[in-house]
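# Geometric and topological summary
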Amino acid sequence: VKVVNEIIIIISRMCSVYNDNIIELFTQIDYLTIYAKVFTLYVHDNVIKHNLIILLGNLVCKNINVQSAFYKTEIFKAIFDLNTTIKEHNETKDLCIWFITCFVQGIITNQLLESKVNEVIIPCQKIFMEYVIYEQYTFNCLHGVYALSEHENEDVIIAFINNKQFMEYLLGISEKYYYLANQILCNLFSNNKKIDAIVIKRYDCFSFLNRGLDMKH
C-alpha cells in the first residue's frame, strides 16, 4: 500500500507541470489500465483513492486526448459514479467534483465528446448546478459551468437558464465570484436573441450589472 501510494504521488507531481510529453507518457494504455485496476483495488483506501483522483485530474485538465482516453476506458465514469454514490460533503466528494471540473476544461473542442451531450455534458452540468451553492464546491463548480457555457449546443444553454435556482444564485453571487459569473453570463447570451430574450424576461440581469458598476475594482 505504501509503495503504491508513493508511486501515485510521484507521478502526480510530475504531471502537475502540464508538460505534454510527460502527460503523454503517463496516459499510455498500460498506465490507464493500471489506474483503473488501482482504483478498483483501493476504492476503500481514502489515501490512495484521493491521491489517484488528484493524479487523474492533473492528467486530464485541458487535454482533449486524455479526455477521450478517460471516456473510452471508463475512468471518467468510475469517478463520476463514485461522486454520485456519496451523499455527504467530504474530501472524497470534493475531489470528485474537482476532477469533473478538470475533465470538462476545453471539452468543447473535443470532437469525440462533442456529440456526447446526454452521456457526458448534461450529467456534469447537473452536478455543477446542484453543488455550486455550497461554498466548498463553488469555485470548482463555477469553473466547470464556465467551460460548459461555451458549448454551442442549445440544449446545454437552455438547461442552464431553465434552472431558476442556479440562475438566481449566479445573479446574486458574492463579489468574490462576480467576475467569473459575468464571464458565464456572457457565454450564455452569446449573441443568441432567443436566449437573450428568455434571460432578460425571467431574471433581473440589470441588478446584477449595477452591482458590478458599483464595485470599485
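For the structure given in this document, a descriptive report is provided here. Nothing here was measured: the structure is a model prediction, and the numbers come from that model.

## Remarks on unusual backbone geometry
One non-glycine residue with positive phi stands out, namely K62, at about 60°. If you trace the backbone, K62 turns up in the loop between α4 (46-60) and α5 (64-72). According to the relative accessible area criterion, K62 is exposed, its value standing at 66%. You will see that E74, though not glycine, has its phi angle at about 65°, which is positive. Here E74 is to be found in the loop between α5 and α6 (75-85). For E74, a relative accessible area of 49% gives the class partly exposed.

## Examining the packing of helix α9 (residues 117-131) against helix α11 (residues 154-161)
At a minimum axis distance of 11 Å, the contact between α9 and α11 shows a crossing angle of 20°. When the interaxial angle is binned, α9 and α11 end up roughly parallel. Helix-helix and strand crossings are classified by hand; for α9 and α11 the assignment is right-handed. The residues of α11 that touch α9, namely those facing V117, I121, I122, Q125 and M129, are V156, A159 and F160. Residues belonging to the contact of α9 with α11 are distributed by class as follows: seven nonpolar, one polar and no charged.

Cut-offs used in this document
The residue count restarts for each chain, going from 1 along the sequence in the order it is written. Local features are withheld for residues below a pLDDT of 70 in this predicted model, meaning they are given only at 70 or higher, and side-chain atom pairs are given and counted only at 80 or more; totals for whole chains, interfaces and linings count all residues. The side-chain values count all of the structure's non-hydrogen atoms but skip hydrogen atoms and water molecules. Working definition: helices are DSSP H or I runs of at least four residues, strands are E runs of at least two. Numbering for both runs from the N terminus. Accessibility here uses a 1.4 Å probe with only protein chains present; expressed as a share of the type maximum, an area under 20% marks a residue as buried, one over 50% as exposed, and anything in between as partly exposed. For helices, the fitted axis covers only the stretch in contact; all axes are lines through C-alpha atoms, and the angles between them, taken along N-to-C directions, range from 0 to 180 degrees. These descriptions rest on fixed angle ranges, namely under 35 degrees for roughly parallel, over 145 for roughly antiparallel, 65 to 115 for roughly perpendicular, and the rest for oblique. Here a crossing is called left-handed whenever its near helix is offset anticlockwise from the far helix by less than a right angle, and right-handed whenever the offset is clockwise. The contact criterion used is simple: two residues touch if any of their non-hydrogen atoms lie within 4.5 Å. Note on residue categories: nonpolar means Ala, Val, Leu, Ile, Met, Phe, Trp, Tyr, Cys or Pro, charged means Asp, Glu, Lys or Arg, and polar means any other residue, Gly included.

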